[in-house]
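If you want the building blocks of each chain, they are given just below.
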Amino acid sequence: MTPLEPSPPVTARETYLNAGYSLKSWLLALDHKRIAILYFVSITLFFFVGGAFATLVRLELMTPRGDLVSSDTYNKLFTMHGIIMIFFFLIPSIPATLGNFLVPMMLGARDLAFPRLNLLSWYIFVAGGVLTMVAVVSGGVDTGWTFYTPYSSAFSNTSVVVTVVGVFVTGFSSILTGLNFIVTIHTLRAPGLTWGRLPLFIWSLYATSIIMILGTPVLAISLALVGAERIFHVGIFDPASGGDPLLFQHLFWYYSHPAVYIMILPGMGVVSEIIPCFARKNIFGYGVVALSSLAIAFTGFLVWGHHMFVSGQSVYSGLVFSFLSYLVAIPSAVKVFNWTATLYKGSISFHTPMLYAFGFLGLFTMGGLTGLFVAALGVDVHVHDTYFVVAHFHYIMVGGMVMAYLGGVHFWWPKISGRMYPEWIARFSAFVVFLGFNLTFFPQYVLGYLGMPRRYHSYPDEFQVLNVLSSAGASILAVGYVLPLIYLLASLKYGKAAGPNPWIATGLEWQTPSPPPTSNFPTTPTVTAGPYEYQDMEVPFVQR
Amino acid sequence: MNESFRLLPESASSVAASTDALYFFLCAISAFFTLLIFGLVFYFAVKYRRRSAEPPPRLAASNALEAFWTLVPFGIALVIFFWGAKLYFHISRPPSDAMDIYVIGKQWMWKVQHPNGRREINELHVPLGRAVRVTLSSQDVIHSFYVPAFRIKQDAVPGRYTVTWFRPIRAGIYHLFCAEYCGTYHSHMIGRVVVLEPERYQAWLSGTPLDEAPEEAGASLFATLGCITCHGARAPTLAGLYGSEVRLADGGTARADEQYIRESILDSTAKIVSGYPPIMPSFRNQLTEEQLFDLLAYIKSLKDPLEKRKAQE
């Protein structure tokens, strides 16, 4: 491996980073790139808070007896882990950070269509986050992130109302981001940037935005009803006052299953950018990959009932939801095959973003395949609400989504910061993440099929060996997540200047200096070709 | 170590082997595709690692290939779907010879009522080889009745009945878990299912004095609550009601199953029987889940007098 070509240091030219140093210039920023940085800082904070809760959960589960914390505390720990990771990290993660930064740049635009709305969405996000943290410090909440009724609406003695208000408020930031993206993608494309030339990252965010706009209001309504039932005892979900607890599950999953695709689709978009760049190839099956994102977004709205196979819903509903769940699996499989085919006869280099993309491919495949188990009605009767499900969705959310997020952060770090991250230590930590992840979550598949239910504070002795393995893996995983935080921050000071296009990548975002000026492009670029014409580019980093 | 480390749970019901068979098939499919993707990525990564500054060749898109890897996974998915659905229908439909057990979930215990009146908490004794139909309800929040060794799970939902069944094929003691998060001591809501040889089951049944049978408890409730004053005269007779079609005042019909009877007691004006005035008071919040089960058992035991006579002849 030859070292990277040295690039001239960042000069005194004006960039979005040195456009102002006051706190006000950040807190009132309308520049999409600065707002992306605000989001980066906030979600990183939430990620490590959520991670701290997960650490305590894994520590508790090292022994079968619940001997580290009380049952109530344990229930609050896994609840807060879920709520923070899902609503305050995974859902905003790629769209609000990389999406915010890159959507206008990839389109050749100066900014998003509604910069003020964009800033507002960050404030709403922070307000929701603060409310939720208030719930944490004022005693926490113990309903599980799923808020199942009537437990949440009539039985729990914890800060449920504050929490649902927090999540309710945050939903609006998601809706505003989705709205902003859709309008921007429709109206602010550079001359020549037709729909057929859009980068796949844009396609995936377009599909994500549709779900954000159509799904989030339903979540907001269901959580508002939970709050109303707690305060006014309106009998909607509580059977003691004439309500139906299953109605809540229908409403909740109508959003929360599509929300899974809000989390994974942007990750798929990132991987679709990374693989062509480091294989120097046009992506295989561009149209199919783009359309499969939309297919996932639409079919994803029709599968919520697969969370309810043992809830008492009709067996015929179960049949329909199972069938539709298999339908939604197909576009994901097609994407995996197309990414793999893109490698064929490529010219492949192994920089950190590509290692994360490989990791994503493997772990997403395993997560997707275990989805076939839980969608199979007869098998789900056994594995539903066990650690099998926990393992399955962590393979998708952490193995898939977080790997893609880290891959994307490394890939665009030179563009965002203007500096290179240290390559070897980054590769090392990518391996640590992959290893730690598998050691943490693979044993949980076995644990689940053995019958260990999820959300158990204490458990029968025979499950201990696998739980200890899982906790050991989690400690390795934690190292893999702390390392990038350290070296990426250090690279802001010590990193080599990156230059406009260190990867020799296609894509409009690479045709402007790093870090970009506030206006993104000196003159509006014109697009004359598809997004991944790598065969026309010089091949960098040649290894002899 | 042998005791504490295993890859499959015990297999103690008639469906366990069928569930495991589909599970093994799914494991095989998953292993194949995981190895395929890992193998291809690894092979391509080594074979096509960057060695020259020559740009790679341009490959034409292939509709045939796209169709191939869309249709093959779809075909496999269909097989899994039908297999899983067949198993699910089997698990959801109790056989007609099944014995009835009533189970109530409550924070944080399982309350079991046997047909002969015996009641247990966090223990369920059943005879080996006999199909057992479990009717579930909950007194507070949602719980889930889960016996891993039987590969069955069913939520117990407040305000309605759900049903599951199993046929134990191996004597032994098995975990009964609550699988739906239900509050502080969710992980303490653990019981055990004790599968006994038929003769030992009989011994267990007669081992301790029996509680009142649900029909009898239901019969006395039926009198003390005053039901007896109307039903048969100003209100429809309940003899032979269970399982029959009921003609409703709005012109429709309803099947008189457990859910219908429960609704008629708790929300008496929801479905009015044709030809009778809606005079019955609602018993919402006045009956415990146990009392409802007892009433249900009593009403189910009331046979149509005509049919009864036929059966005797």
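Note that this is a predicted model, so its numbers are computed, not measured.

### Topic: the overall build of chain A
Alright, step 1. The helix and strand tally for chain A stands at 16 helices and zero strands.
Alright, step 2. The C-alpha atoms of chain A give a radius of gyration of 23 Å, which matches the 24 Å a tight globule of 544 residues would have.
Alright, step 3. For chain A, the spread of C-alpha atoms along the principal axes amounts to about 70 × 45 × 45 Å.
Alright, step 4. Looking at chain A residue by residue over its 544 residues, the buried ones come to 62%.
Alright, step 5. Taking contacts inside chain A between residues at least 6 apart in sequence as the whole, the part at least 24 apart equals 85%.

### A closer look at the overall build of chain B
Alright, step 1. On a plain count of helices and strands, chain B comes out with eight helices and 12 strands.
Alright, step 2. The dimensions of chain B, computed from C-alpha atoms along their principal axes, are 95 × 55 × 45 Å.
Alright, step 3. Evaluated residue by residue, chain B yields a buried proportion of 32% over its 313 residues.
Alright, step 4. When contacts within chain B are restricted to residue pairs at least 6 apart in sequence, long-range pairs at least 24 apart make up 68% of them.

### Describing the interface of chain A and chain B
Alright, step 1. Listed as interface residues are 79 residues of chain A and, on the opposing side, 75 residues of chain B.
Alright, step 2. Secondary structure elements with two or more residues in the side of chain A that touches chain B: helix 3 (71–90), helix 6 (151–155), helix 9 (245–279), helix 11 (315–343), helix 12 (352–375), helix 13 (377–383), helix 15 (423–450) and helix 16 (464–494) of chain A.
Alright, step 3. Sort the elements by how many residues they give to the side of chain A that touches chain B and helix 11 of chain A lands first, with 14 residues.
Alright, step 4. The class makeup of the residues in the side of chain A that touches chain B is 45 nonpolar, 26 polar and eight charged.

### Things to note about the pairing of strand 10 (residues 191–196) of chain B
All names here are of chain B.
Alright, step 1. Of the two faces of strand 10, the one holding Gly191, Val193 and Val195 is buried and the one holding Arg192, Val194 and Leu196 is not buried anywhere.
Alright, step 2. Two elements, strand 4 (residues 123–127) and strand 10, share five bridges in a ladder whose sense is parallel. Paired with Val126 across the bridge in strand 10 is Val195.
Alright, step 3. Relative to strand 10, strand 9 (residues 172–178) runs antiparallel, the two being bridged by five bridges. What sits directly across from Tyr174, in strand 10, is Val193.

### Looking at the sheet that holds strand 9 of chain B
Residue and element names in this part refer to chain B.
Alright, step 1. Reading across the sheet, the five strands line up as 4-10-9-6-7 and stay open at both edges, with mixed pairing between neighbours. The open sheet has two edge strands with one neighbour each: strand 4 and strand 7 (152–156). The average undirected angle you get between the axes of adjacent strands in this sheet is 20°.

### Thoughts on the environment of Thr184 of chain B
Alright, step 1. Position of Thr184 of chain B relative to the elements: it lies in the loop between strand 9 and strand 10.
Alright, step 2. Judged by local crowding, Thr184 of chain B falls into the partly exposed class, with 18 C-beta atoms found within 10 Å.
Alright, step 3. As a C-alpha pair, Thr184 of chain B and Arg247 of chain B span 63 residues in sequence and 46 Å in three-dimensional space.
Alright, step 4. Not counting chain neighbours up to four residues away, the residues in contact with Thr184 of chain B comprise Ser71, Asp72 and Asn75 of chain A.

### Some remarks on the packing of helix 12 of chain A against helix 14 (residues 387–417) of chain A
Residue and element names in this part refer to chain A.
Alright, step 1. Direction vectors running N to C along helix 12 and helix 14 enclose 160°, while the axes themselves pass 8 Å from each other. In terms of axis orientation, helix 12 runs roughly antiparallel to helix 14. As for how helix 12 packs across helix 14, the hand of that crossing is left-handed.
Alright, step 2. Across the contact of helix 12 with helix 14, the residue classes tally to 15 nonpolar, 10 polar and no charged.

### Thoughts on helix 3 of chain A
For an α-helix the count is 3.6 residues per turn, leaving residues at separations of three or four pointing the same way.
Alright, step 1. With 20 residues, helix 3 of chain A extends 27 Å from end C-alpha to end C-alpha; this agrees with the ideal 28 Å at 1.5 Å per step.
Alright, step 2. For helix 3 of chain A, the buried fraction is high: 16 of the 20 residues fall into the buried class.

### Here we look at the domain arrangement of chain B
All names here are of chain B.
Alright, step 1. Each assigned domain of chain B is listed with its residue range as follows: domain 1 (8–42 + 63–211) and domain 2 (214–312).
Alright, step 2. Taking only C-alpha atoms into account, the centre of domain 1 sits 31 Å from that of domain 2.
Alright, step 3. The interface of domain 1 with domain 2 comprises nine residues on the first partner and seven residues on the second.
Alright, step 4. When contributions to the side of domain 1 that touches domain 2 are tallied by element, the ones reaching two or more residues are strand 1 (99–106) and strand 5 (132–138).
Alright, step 5. Partitioning the side of domain 1 that touches domain 2 into residue classes produces three nonpolar, five polar and one charged.

### Points about the environment of Ser11 of chain B
All names here are of chain B.
Alright, step 1. Structurally, the position occupied by Ser11 is in the segment before helix 1 (16–47).
Alright, step 2. A sequence separation of 140 residues divides Ser11 from Arg151, and the C-alpha atoms of the two residues are 8.1 Å apart.
Alright, step 3. Here Ser11 is in contact with Ala16, Ala17, Asp20 and Ala149, once residues within four sequence places are set aside.

### Quick notes on the packing of helix 5 (residues 115–137) of chain A against helix 7 (residues 160–187) of chain A
All names here are of chain A.
Alright, step 1. Direction vectors running N to C along helix 5 and helix 7 enclose 160°, while the axes themselves pass 8 Å from each other. One way to sum up the angle between helix 5 and helix 7 is to call them roughly antiparallel. Seen from above, helix 5 lies across helix 7 with left-handed handedness.
Alright, step 2. A breakdown of the residues in the contact of helix 5 with helix 7 according to their chemical character gives 14 nonpolar, 11 polar and no charged.

### With respect to the confidence of the model for chain B
Alright, step 1. When pLDDT is averaged along chain B, the result is 89, and 93% of the positions lie at 70 or above.
Alright, step 2. Here the predicted complex scores 0.89 on pTM and 0.93 on ipTM.

### Describing unusual backbone geometry
Residue and element names in this part refer to chain A.
Alright, step 1. Residue Pro150 is reached from Thr149 by a cis peptide bond, and omega for that bond is 0°.
Alright, step 2. By secondary structure assignment, the location of Pro150 is in the loop between helix 5 and helix 6.
Alright, step 3. The amide bond that connects Ser514 to the next residue, Pro515, takes the cis arrangement and shows omega of -15°.
Alright, step 4. Along the polypeptide, Pro515 turns up in the segment after helix 16.
Alright, step 5. Phi at Phe147 is positive, roughly 50°, even though this residue is not glycine.
Alright, step 6. Assignment of secondary structure puts Phe147 in the loop between helix 5 and helix 6.

### Some remarks on the pairing of strand 9 of chain B
All names here are of chain B.
Alright, step 1. Across the seven residues that make up strand 9, a large majority, five, are buried.
Alright, step 2. Bridge count for strand 6 (residues 143–147) against strand 9 is two bridges, and the pairing is antiparallel. Bridge pairing links Phe145 to Cys178 in strand 9.

### As for the sheet that holds strand 3 (residues 119–121) of chain B
All names here are of chain B.
Alright, step 1. Read from one edge of the open sheet, five strands run 3-2-1-5-8, paired in mixed fashion. The strands lining the two open edges of the sheet, one partner per strand, are strand 3 and strand 8 (162–166). Direction aside, neighbouring strands of the sheet carry axes that sit 25° apart on average.
Alright, step 2. Strand direction decides the pairing type here: strand 1 and strand 5, joined by seven bridges, are parallel. In the strand pairing of strand 5, Gly105 is matched with Ser138.

### Quick word on the confidence of the model for chain A
Alright, step 1. For chain A, the average pLDDT comes to 94, and 97% of its residues sit at 70 or higher.
Alright, step 2. The model gives residues 1–7 of chain A a pLDDT under 50, and that stretch makes nine contacts with residues more than four places away or in other chains.

### A look at helix 14 of chain A
Alright, step 1. The sharpest bend along helix 14 of chain A comes to roughly 45°, located at Phe411 of chain A, with the proline Pro414 of chain A sitting one to four residues further on.
Alright, step 2. At the exit of helix 14 of chain A stands Gly418 of chain A, carrying a positive phi of roughly 80°.

### Here's the deal with the environment of Val15 of chain B
Residues and elements named next belong to chain B.
Alright, step 1. For Val15, the location among the structural elements is in the segment before helix 1.
Alright, step 2. In this structure Val15 comes out as buried when scored by C-beta crowding, with 21 C-beta atoms within 10 Å.
Alright, step 3. Through-space distance from the C-alpha of Val15 to that of Ile80 is 17 Å; in sequence the pair is 65 residues apart.
Alright, step 4. With near-sequence residues (within four places) excluded, Val15 lies in contact with His90, Ile91 and Arg151.

Conventions adopted
- Residues numbered from 1 in each chain as written.
- Chains lettered and ligands numbered in written order.
- Predicted model: local features only at pLDDT ≥ 70, side-chain atom pairs only at ≥ 80, totals over all residues.
- Helix = DSSP H or I, 4+ residues; strand = E, 2+ residues; numbered from the N terminus.
- Rg over C-alpha atoms; globule rule 2.2 N^0.38 Å.
- Buried ≥ 20, exposed ≤ 12 C-beta atoms within 10 Å, placed from the backbone.
- Contact = placed C-beta atoms within 7 Å.
- Nonpolar A, V, L, I, M, F, W, Y, C, P; charged D, E, K, R; others polar.
- Pairing = 2+ DSSP bridges.
- Axes fitted to C-alpha atoms, helices over the stretch in contact; angles between N-to-C directions.
- Parallel < 35°, antiparallel > 145°, perpendicular 65-115°, else oblique.
- Left-handed = near helix turned anticlockwise from the far one by under 90°.
- Expected span 1.5 Å × (residues − 1).
- Domains from an automatic or database assignment.
- pLDDT = per-residue confidence, 0-100.
- Bend = angle between axes of the 7 residues up to and from the residue.

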